[in-house]
Amino acid sequence: MICLAAGALVVSLDASEITLSWRHSVQKSLWEELWRQGPKGLVLEEARIQGSGAGMDPPDGAKLVDGFWRWKPNLPALPEVVMRRSGATADWQVCVENRCRSLDELLPAEADPVVMRPCG
């Protein structure tokens, strides 16, 4: 299972696969990442962006499918992913089985940073 932690507060997402999304602060393009819990940590299965520009250009080999540039990042499994919340942009979105919620529905709005990691 994947959990979100902010200080001593830990929330289980009750899923081993989630989509994390946000809007770029300048370009306003949607960015999505599909994360899965693997035996060695969190695995980034797919990244996708809706458009490009302002430092959000898709890498070589990305394919345009249904309005998103999609690719498989070449990253090792990570023990955790740290998310910052500036308040200057819309909050992160967490989607589990096609149900999406803003991070502030799961943790207090002032919780910063938020760490995504395997539960346990």
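Note: the structure precedes this text.
Summary of the structure given here. Computed from a prediction, not measured in an experiment: that's the story for all the values here.

### Some thoughts on unusual backbone geometry
So, step 1. In this model, Asp112 is joined to Pro113 through a cis peptide bond whose omega is 0 degrees.
So, step 2. Mapped onto the elements, Pro113 comes out in the loop between strand E10 (99-102) and strand E11 (114-118).
So, step 3. A positive phi is found at Asp66, a non-glycine position, where the angle reads about 55 degrees.
So, step 4. As for its position among the elements, Asp66 is in the loop between strand E6 (63-65) and strand E7 (68-71).
So, step 5. Taking relative accessible area as the criterion, Asp66 reaches 70% and is therefore assigned exposed.

### A short note on the nonpolar core
So, step 1. Counting residues in hydrophobic clusters, the biggest one holds 22 residues, and the most contacted among them are Leu4, Ile18, Val94, Leu107 and Met116.
So, step 2. Formed by five residues, the second largest nonpolar core is a distinct cluster that contains Trp31, Ala47, Ile49 and Trp71.

### A closer look at the pairing of E11
So, step 1. As defined by bridge partners, strand E1 (residues 2-6) adjoins E11 across four bridges and the pair is classed as antiparallel. For Ile2, the partnering residue across the bridge sits in E11 and is Pro118.
So, step 2. Looking at chain direction, strand E8 (residues 81-83) and E11 are connected through three bridges and run antiparallel. The partner of Met83 across the bridge, within E11, is Val114.

### Some words on the sheet that holds strand E9 (residues 93-96)
So, step 1. With antiparallel pairing, seven strands are arranged side by side in an open sheet as E6-E7-E5-E4-E3-E9-E10. One side of each edge strand has no neighbouring strand; the edge strands of this open sheet are E6 and E10. Within the sheet, the average angular offset between the axes of one strand and its neighbour, ignoring direction, is 30 degrees.
So, step 2. Relative to strand E4 (residues 30-38), strand E3 (residues 17-23) runs antiparallel, the two being bridged by seven bridges. Bridge pairing in E4 links Trp22 to Trp31.

Reading the values: the criteria
Residues numbered from 1 in each chain as written. Predicted model: local features only at pLDDT ≥ 70, side-chain atom pairs only at ≥ 80, totals over all residues. Heavy atoms only, no water. Helix = DSSP H or I, 4+ residues; strand = E, 2+ residues; numbered from the N terminus. Buried < 20%, exposed > 50% of the residue type's maximum accessible area, 1.4 Å probe, protein only. Core = buried A, V, L, I, M, F, W, Y, C linked by side-chain atoms within 4.5 Å. Pairing = 2+ DSSP bridges. Axes fitted to C-alpha atoms, helices over the stretch in contact; angles between N-to-C directions.

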